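Per-entry structural report
What follows is each chain in one-letter form.
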Amino acid sequence: VEEGSADLLAVLNRVSLALGVMTQNILRYRGAIADFLGDAALGFWGWPIDHPGKAEDACRAALGIRSAFAEFGKDPAHPLFGFRVGIGIASG
């Protein structure tokens, strides 16, 4: 955000696109969106309804997010080119 402070609308659009990618993958793999924390989306699997394969679904979502950002990284014209993403998965 500091680097893009001259054009905050562009920063907002980039973060919105990034959250959209995260959200789409969480929902695609039967996750529930729990919260948005700045530029992060928090998803849960197996809540509020438990389902078998929830750990695998969380991993599939993470791989989908990683794959999407890798594709964006190949196209300098894409709005998310250079956008870095970190993914954490916890169970228990």
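Worth saying up front: this structure is predicted, and the values here are computed from it rather than measured.

Across all of its chains, the model carries 3 aromatic pairs by this definition. Relative to phenylalanine 72, the ring of phenylalanine 69 has its centre 5.5 Å away and its plane inclined at 80 degrees; by these criteria the two rings are edge-to-face. In this pair, phenylalanine 69 and phenylalanine 72 are both assigned in helix α2 (residues 54-72), 3 residues apart and thus about one turn of the helix distant. For the pair phenylalanine 69 and phenylalanine 72, one class covers both residues: buried. Taken together, the ring pairs connect Phe69, Phe72 and Phe83 into an aromatic cluster.

To continue, consider unusual backbone geometry. The step from tryptophan 47 to proline 48 runs through a cis peptide bond, and the omega angle for that step is 5 degrees. Relative to the elements of secondary structure, proline 48 occurs in the loop between β2 (40-44) and α2. Here arginine 30, not a glycine, exhibits a phi torsion of approximately 60 degrees, which is positive. The topology assignment puts arginine 30 in the loop between α1 (8-28) and β1 (32-37).

As a further point, take the nonpolar core. Val11, Val15, Ala18, Leu19, Val21, Met22, Ile65, Ala68, Phe69, Phe72, Leu80 and Phe83 together form the largest nonpolar core, which totals 12 residues. Elements with a contribution of two residues or more to this core: α1 and α2. It is α1 that provides the largest number of residues to this core, a total of 6 residues. Once you skip the residues sitting within four places of it in the chain, valine 15 turns out to touch Gly38, Asp39 and Phe83.

Glancing now at the pairing of β1. Note that β1 and β2 share 5 bridges and pair antiparallel. Bridge pairing links isoleucine 33 to glycine 43 in β2. The antiparallel hairpin formed by β1 and β2 contains 2 residues in its connecting segment, where glycine 38 sits at a positive phi of about 65 degrees.

To continue, consider the pattern of salt bridges. Under the defined criterion, the tally for this structure stands at 4 salt bridges. Its salt-bridge partner being arginine 30, residue aspartate 57 comes within 3.0 Å of it at the nearest N-O pair. In this pair, aspartate 57 is assigned in helix α2 and arginine 30 in the loop between α1 and β1, connecting sequence segments 27 residues apart. Note that lysine 54 and aspartate 50 form a salt bridge whose closest N and O atoms lie 2.5 Å from each other. You can call aspartate 50 exposed: its relative accessible area is 54%. Because the salt bridges share partners, they merge into one network encompassing Arg30, Asp57 and Arg60.

What counts and what doesn't
- Residues numbered from 1 in each chain as written.
- Predicted model: local features only at pLDDT ≥ 70, side-chain atom pairs only at ≥ 80, totals over all residues.
- Heavy atoms only, no water.
- Phe/Tyr/Trp six-rings, centres within 6.5 Å; stacked < 30°, edge-to-face > 60°.
- Helix = DSSP H or I, 4+ residues; strand = E, 2+ residues; numbered from the N terminus.
- Buried < 20%, exposed > 50% of the residue type's maximum accessible area, 1.4 Å probe, protein only.
- Core = buried A, V, L, I, M, F, W, Y, C linked by side-chain atoms within 4.5 Å.
- Contact = heavy atoms within 4.5 Å.
- Pairing = 2+ DSSP bridges.
- Salt bridge = Lys/Arg side-chain N within 4 Å of Asp/Glu carboxyl O.

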